[in-house]
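Below, each chain spelled out in residue letters.
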Amino acid sequence: MISKEGLRLGVQAARRLAELDCCEIERGLSEVEFARIEQEYGFEFADDHRAFLAAGLPVRQPWEEGQTWENPWPDWRNGDPEALREHVAWPVDYLLWDVQHGHWRSSWGERPSDVLEAVETARLRLADVPRMVPLYAHRFLPAGRGTHGHPVLSMRGWDIIYYGTDLADYITQEFQEPRPERDEEWQPYATVPFWRDYL
């Protein structure tokens, strides 16, 4: 059972995506499919993310010049499991790449002088950080059944920015052309521990 507000936000986002007609949308995921995905990849979708994918599963969009992801929408139904695992691991793996190239958090203690040891230490520290779930390319929502309304984060290692105050706002910000201007009241607040420290 998901919350009413999570359902409302997810359906609103799905409806907005369909209106923008920017990608192919297949029938939504079933409860059986959600259970398989969550068990296989080790997370639970937030309520609005779940409602969004239950309303319709975005899978493909026309290729555009300069596009960096061949398949930016995770195809939770028919996608290659290894590619999906890599997509789920993106936030941690990219941050580990940054550690390999000099990034270090003071809260992790003194950085080991050996690069491989530094990466392994960081990997151990990152084992318990909140899971982020791919939404589209390197845009992510926090995992967590019973939660909703999280800002969508654009994540490339320690370079993390807001891309929408919530899922519905994100769809507009990402896919509406021209992109709407943000007013002074556009002030998202990241709800997810650890990752919000980079914003």
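Note: the structure precedes this text.
The rules we used
- Residues numbered from 1 in each chain as written.
- Predicted model: local features only at pLDDT ≥ 70, side-chain atom pairs only at ≥ 80, totals over all residues.
- Heavy atoms only, no water.
- Pairing = 2+ DSSP bridges.
- Helix = DSSP H or I, 4+ residues; strand = E, 2+ residues; numbered from the N terminus.
- Axes fitted to C-alpha atoms, helices over the stretch in contact; angles between N-to-C directions.
- Salt bridge = Lys/Arg side-chain N within 4 Å of Asp/Glu carboxyl O.
- Buried < 20%, exposed > 50% of the residue type's maximum accessible area, 1.4 Å probe, protein only.
- Phe/Tyr/Trp six-rings, centres within 6.5 Å; stacked < 30°, edge-to-face > 60°.
- Lys NZ or Arg CZ within 6 Å of the ring centre and 35° of its normal.

Asks: Can you help me understand the sheet that holds strand β4 (residues 139–142) in this one?
Replies: Strands pair in a sheet through their backbones, by hydrogen bonds, and they do so in one of two ways: parallel or antiparallel. Read from one edge of the open sheet, four strands run β3-β4-β5-β6, paired in antiparallel fashion. Two strands close off the open sheet at either side, each with one partner strand: β3 (132–136) and β6 (159–164). On average, adjacent strands in this sheet sit at an angle of 40° to one another, irrespective of strand direction. Where strand β5 (residues 152–156) meets β6, five bridges bridge the pair, whose relative direction is antiparallel.

Asks: Sorry if this is basic, but what is going on with the pattern of salt bridges here?
Replies: Tallied over the entire structure, the rule returns 14 salt bridges. With a shortest N-O distance of 2.7 Å, Arg 139 and Glu 174 are connected by a salt bridge. Residue Arg 139 is found in strand β4, and its partner Glu 174 is found in helix α6 (residues 167–175); the two are separated by 35 residues along the sequence. Across this residue pair, the class does not change: Arg 139 and Glu 174 are buried.

Asks: Which parts of the structure should I look at to understand the packing of aromatic side chains?
Replies: Any two aromatic rings considered together are summarised by their centre-to-centre distance and by the angle between their planes. Scanning all chains against the criterion turns up 16 aromatic pairs. An angle of 35° between the planes, with centres 6.4 Å apart, marks the rings of Phe 52 and Trp 73 as tilted. Remark: Trp 73 occurs in the loop between β2 (57–60) and α4 (81–100) and Phe 52 occurs in helix α3 (residues 47–55); sequence separation between them is 21 residues. On the basis of relative accessibility, which here comes to 3%, the residue Trp 73 falls in the buried class. Plain terms: the ring middles of Trp 90 and Tyr 94 are 4.8 Å apart, the flat faces sit at 50° to each other, and that makes the pair tilted. In this pair, Trp 90 and Tyr 94 both sit in helix α4, four residues apart, roughly one turn of the helix. Judged by its relative accessible area of 22%, Tyr 94 is partly exposed. An aromatic cluster is present here, built from Phe 52, Trp 73, Tyr 136, Tyr 163, Tyr 170 and Phe 175 joined pairwise through their rings. The side chain of Arg 50 reaches across the aromatic face of Phe 34, ending 4.3 Å from its centre. Sitting over the face of the ring of Tyr 163, Arg 139 holds its NZ or CZ atom 3.7 Å from the ring centroid.

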